[in-house]
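# Reading the structure
One-letter residues, chain by chain:
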Amino acid sequence: MRLSEIEIIAAAVIAFLVGLFANDWIAGASILTLIVGVRLVSTGDHLFVLPAAFAFHWLQTSIGVMYLGFVGRAVPTVELSDYRPMVLVGLGCCLALALGVRLGLMLRVAPDPNQPRPGFAFSFGLLVALYVGTVALQGTLGALAPDYPTLRQIIVTFDTARLGILFLILRRLCSPPPRWGLVALVVSIEIMLGITGFFAGFREPVVLAILAVLEIFDRRNKKHWLAIGVGGVAAVMLGLLWMSIRVEYRKEYVEVDKFQASRSDRVDKIGSLTSAFLSSESTDLWKATDTLVDRLWTVYYPALALVRVPRVLPHTNGAIFSAALVHIVTPRVFFPNKAELPSDSEKVRKYSGVHVAGRENNTSIAFGYAPEAYIDFGIPLMFVPVFGFGVAVGFLYAVFRQLIWHRELFVAFATVTFWLTVYLFERSWATMLGVSLGFMVYLGVPVVLLDRFLLVKYERQTRDSAELLFVQPDRHEA
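Summarised in this report is the structure supplied together with it. (Residues numbered from 1 in each chain as written. Predicted model: local features only at pLDDT ≥ 70, side-chain atom pairs only at ≥ 80, totals over all residues. Heavy atoms only, no water.)

### Focus: the overall build of the chain
Summing up its helical and strand segments, the chain has 20 helices and zero strands in all. Within the chain, buried positions represent 45% of all 478 residues. In the chain, of all internal contacts separated by at least 6 residues, the share reaching a separation of at least 24 is 75%. Approximately 24,300 Å² of the chain is accessible, and the part contributed by carbon and sulfur atoms is 66%. (Helix = DSSP H or I, 4+ residues; strand = E, 2+ residues; numbered from the N terminus. Buried < 20%, exposed > 50% of the residue type's maximum accessible area, 1.4 Å probe, protein only. Contact = heavy atoms within 4.5 Å. Areas by Shrake-Rupley, 256 points an atom, 1.4 Å probe, with all protein chains shown as cover.)

### Some thoughts on empty space enclosed by the protein
Empty space among the atoms becomes apparent when a probe as large as a water molecule is rolled across them. Applying the stated rule across the entire model yields one cavity of 30 Å³ or more. Estimated volume of the largest cavity: approximately 40 Å³. As for the largest cavity, its lining consists of H46, L47, F48, V49, F167, L211, E215 and T415. Classifying every residue of the lining of the largest cavity gives five nonpolar, two polar and one charged. (1 Å grid on protein atoms, 1.4 Å probe; cavity = no way out; pocket = protein on both sides within 12 Å on 5 of 7 lines; lining within 4 Å. Points joined across faces, edges and corners; volume = space filled by probe spheres on them. Nonpolar A, V, L, I, M, F, W, Y, C, P; charged D, E, K, R; others polar.)

### Structural notes on the packing of aromatic side chains
As enumerated under the stated definition, the model contains 16 aromatic pairs in all. Their ring planes at 70° and their centres at 5.5 Å tell us that Y369 and F425 sit as a pair that is edge-to-face. Residue Y369 is found in helix α17 (residues 369-377), and its partner F425 is found in the loop between α19 (407-422) and α20 (429-477); the two are separated by 56 residues along the sequence. For Y369, a relative accessible area of 1% puts it in the buried group. One aromatic cluster is present, built from ring pairs that chain together F321, Y369, F389, F425 and W429. (Phe/Tyr/Trp six-rings, centres within 6.5 Å; stacked < 30°, edge-to-face > 60°.)

### Brief notes about the nonpolar core
With 128 residues, the main nonpolar core has L170, W297, Y397, F418 and W429 as its most contacted residues. Residues in contact with F418, not counting those within four places in the same chain, are V49, L50, A53, V393, L396, Y397, F413 and M440. (Core = buried A, V, L, I, M, F, W, Y, C linked by side-chain atoms within 4.5 Å.)

### A look at the layout of surface pockets
Here the second largest pocket defines a volume of roughly 460 Å³. Looking at the second largest pocket, it is lined by 20 residues, and the ones nearest its centre are A161, I165, L409, V447 and L450. Where the lining of the second largest pocket is concerned, the elements lending two or more residues are α6 (124-144), α7 (152-174), α19 and α20. Among the elements that take part in the lining of the second largest pocket, α7 stands out by supplying six residues, more than any other.

### With respect to the environment of M86
Position of M86 among the secondary structure elements: in helix α5 (residues 83-106). Judged by relative accessible area, which is 0%, M86 ranks as buried. When near neighbours in sequence (up to four residues on either side) are disregarded, M86 contacts V299, P302, A303, L306, A370, P371 and F425.

### Here we look at the pattern of salt bridges
Considering all chains together, one arrives at 15 salt bridges under this definition. A salt bridge links D24 to R84; its shortest N-O distance comes to 2.9 Å. Highlighted residues: D24 in the loop between α1 (5-22) and α2 (25-41) and R84 in helix α5, separated in sequence by 60 residues. In this structure D24 comes out as buried when scored by relative accessible area, which is 12%. By relative accessible area, which is 28% here, R84 ends up partly exposed. A single salt-bridge network, built from bridges that share partners, covers R171, E215 and R407. (Salt bridge = Lys/Arg side-chain N within 4 Å of Asp/Glu carboxyl O.)

### Brief notes about a nonpolar patch on the surface
A contiguous nonpolar patch, built from I9, V13, F16, L17, L20, F21, F70, V71 and W286 and spanning about 920 Å² of accessible area, is present on the exposed surface. Put simply, the parts of the chain that give the nonpolar patch at least two residues each are α1 and α3 (49-71). By residue number, the principal contributor to the nonpolar patch is α1, which donates six residues. Residue placement: I9 occurs in helix α1. (Patch = residues over 30% accessible without salt bridge, like charges linked within 9 Å, V, L, I, M, F, W, Y side chains within 5 Å.)

Worth remembering: the numbers are spatial, not functional.
If you want it as structure tokens, here you go:
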């Protein structure tokens, strides 16, 4: 985390120019937060999951400001709320999180990069077989989760492990020389599987593909730049497409029983909606862009809450955060009768003063940990738990980096786990802490045990090879 004078000056100049061109000093402060935050969370091990997750986390605090400053279009959040204080609060949370991650990483010494360690844990054929099997089981696990609430977190976590297998396949395909055609094929299949579900499940395959390319990225290689560019454009276009078609698609998904059970019907529907989107006029495209920006920029309801607390409603002195901690240390598998936490929609109604859809409509409107921290403690104490969460994230990354000795196992585990742990700004404390703990326990522990099992086999093979090399000269002399 050492910055040269040139880097400090360059960051300051970039922030100044962004603020100047956007005609908003908050835009400049936002870019400076991004630059500093990415450097703080960098791990120095050729993995870019924490910087990528932090950047997406930051994006949800600032995209509306950048969109207004550089494109000149005001999304509804700009017109309907006093968004600026909440953007600054969000940037404060990003900086506190990044500082915490840096401290957590520093608490454990990174493994010696020169010390030999096994690279591959599985054959490529086994990975493909596991991937096909997990794809086939994905729908079954998703259907089982609602029927077994005490096991829901375990089922969901193990289902997410499929993404780790996907990443290993993409990583192998990106290994020099990269097989770009196969990478595109696998990502396309995953996008189709994701976009034909109820939620926007197409984001992770694109992100994982970009992270796989970044691991072998060479600045002098034009194909690497092209691959990153194609991934970025694909992510934006898929986001615009989803914003344009999701209402009509979800309506049929909910109202037509046969539609849910037939993948072919969903593919056909997506195809027809995509054709209509591609033939739409430029005004419709701009509307879709506005909708996408406003959806990613999750500061509207929190901004309303900042106005009402403590003017209308008092701070809760840590009640929300305490309830989240109690919730995660009493897993439902051991406490099946524990009460449900209030939905985010109820918090939005209470603290933002807007009657939004809730559980009675089988939905929940995101509120986020940042407004919860503000409601609990106010400024500046609200940044303390955010900093603490960052310390835990950085420390756990460093711990698993030491515990998991197979490079391939650690890369897969860390990429999936820490992306899904950090990337969302709009999560509540209960969800963010619960998801993080679930990944560390239900994925981390099995991966460490698997690593130990494979390590015994690796060390035995290494010892046998060494003994063979030692014995062979004696036979030659005899």
